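# Summary of structural features
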Amino acid sequence: MLRVSSPRRRVAPLLALAALPLLVAAHRPAERPARAGITTGSYVAVLANGQKLPWTTQVPAVEGLAHWARLDLAVLRLNPNGRYTLSYRYAQEVVDTKAKPQMPPPRDEISVGRFSDRGTTLTFVPTPSPGKAERRITAQVVGADIFLDKTVFVGERPFRVRLLFRRDPTLW
């Protein structure tokens, strides 16, 4: 029988607690390719229409007014079970083109649903709102990057924003 002296009895629980984070990390699900090759995990938008975020644009409305928009952040989370979450932080406002635009407070928008991966194409199917039809959004995978074309409506006109997402393993 092994006997542990009194000072060692006090150190043993501390050593066990110190090893706990390593045990938790070892049991986390590893990020792995989702079906055909894209790595699951978090992707952060780094470019919008070729420009770094935060990205700002103005689209003419009627004479003297413009739709002003700013995209601060976009995060795409791909889960191994084929589900996704896409979160945006943005601001938009109709502004007088002759006056300096005032920064409106940011808004958050989220889209959830399922995705499928076929070669270099990702297809996202957002969970539809009650009474709305199902829709599909496609994105292109180039190397480890994801290019997503998002159509937003500015007033009643569609406006395309091309987002470049890069993998960020530091995010959940």
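Please read all numbers here as calculations on a predicted model, not as lab measurements. (Residues numbered from 1 in each chain as written. Predicted model: local features only at pLDDT ≥ 70, side-chain atom pairs only at ≥ 80, totals over all residues. Heavy atoms only, no water.)

## Topic: the overall build of the protein chain
On a plain count of helices and strands, the protein chain comes out with one helix and twelve strands. Walking the protein chain from its N terminus toward its C terminus, one meets helices and strands in the order α-β-β-β-β-β-β-β-β-β-β-β-β. When each of the 172 residues of the protein chain is scored for burial, the buried share is 30%. Once local pairs closer than 6 in sequence are excluded, the contacts in the protein chain between residues at least 24 apart make up 48%. For the protein chain, the accessible area works out to roughly 11,800 Å², and carbon and sulfur atoms hold 58% of it. (Helix = DSSP H or I, 4+ residues; strand = E, 2+ residues; numbered from the N terminus. Buried < 20%, exposed > 50% of the residue type's maximum accessible area, 1.4 Å probe, protein only. Contact = heavy atoms within 4.5 Å. Areas by Shrake-Rupley, 256 points an atom, 1.4 Å probe, with all protein chains shown as cover.)

## Comments concerning unusual backbone geometry
With an omega dihedral of 0°, the bond running from L53 to P54 counts as a cis peptide bond. Structurally, P54 is set in the loop between β4 (51-52) and β5 (55-60). You will see that N49, though not glycine, has its phi angle at about 50°, which is positive. With respect to the helices, strands and loops of the structure, N49 is situated in the loop between β3 (41-48) and β4.

## Section: the environment of Q102
Relative to the elements of secondary structure, Q102 occurs in the loop between β7 (83-96) and β8 (107-118). Here Q102 falls in the exposed class, since its relative accessible area comes to 63%. Each C-alpha atom of the pair Q102 and W68 lies 10.0 Å from the other, and the pair is 34 residues apart in sequence.

## Observations regarding the side chain of K150
Relative to the helices and strands, K150 is located in strand β11 (residues 145-154). Of the side chains with opposite charge, E109 comes closest to the buried, unpaired K150, at an N-O distance of 4.5 Å. (Lys, Arg positive; Asp, Glu negative; His and termini not counted. Salt bridge = Lys/Arg side-chain N within 4 Å of Asp/Glu carboxyl O.)

## Regarding the confidence of the model for the protein chain
The predicted coordinates should not be examined in detail at positions where pLDDT is low. Per-residue confidence for the protein chain gives a mean pLDDT of 79; residues scoring 70 or more make up 77%. Of all helices and strands in the protein chain, the one with the weakest mean pLDDT is helix α1 (residues 6-27) (38), whereas β3 scores best (96). Every residue in residues 1-36 scores below 50 in pLDDT, and together they form 19 contacts with partners more than four places removed in sequence or on other chains. (pLDDT = per-residue confidence, 0-100.)

## Examining a nonpolar patch on the surface
A cluster of nonpolar side chains, namely V62, L65 and V94, defines an oily patch on the protein surface of about 240 Å² accessible area. With respect to the helices, strands and loops of the structure, L65 is situated in strand β6 (residues 65-78). Residue classification places L65 among the partly exposed residues on the basis of a relative accessible area of 34%. (Patch = residues over 30% accessible without salt bridge, like charges linked within 9 Å, V, L, I, M, F, W, Y side chains within 5 Å.)

## A word on the packing of aromatic side chains
Working definition: an aromatic ring pair is given by the centre-to-centre distance plus the angle between the planes. Applying the stated criterion across every chain, the model contains two aromatic pairs. Taken together, a centroid distance of 5.0 Å and an interplanar angle of 75° make the contact between Y84 and F124 edge-to-face. With Y84 in strand β7 and F124 in strand β9 (residues 121-126), this residue pair connects regions lying 40 residues apart in the sequence. A single burial state applies to Y84 and to F124, both of which are buried. Consider the rings of F115 and F124, whose centres lie 6.3 Å apart with planes at 40°: the pair is tilted. (Phe/Tyr/Trp six-rings, centres within 6.5 Å; stacked < 30°, edge-to-face > 60°.)

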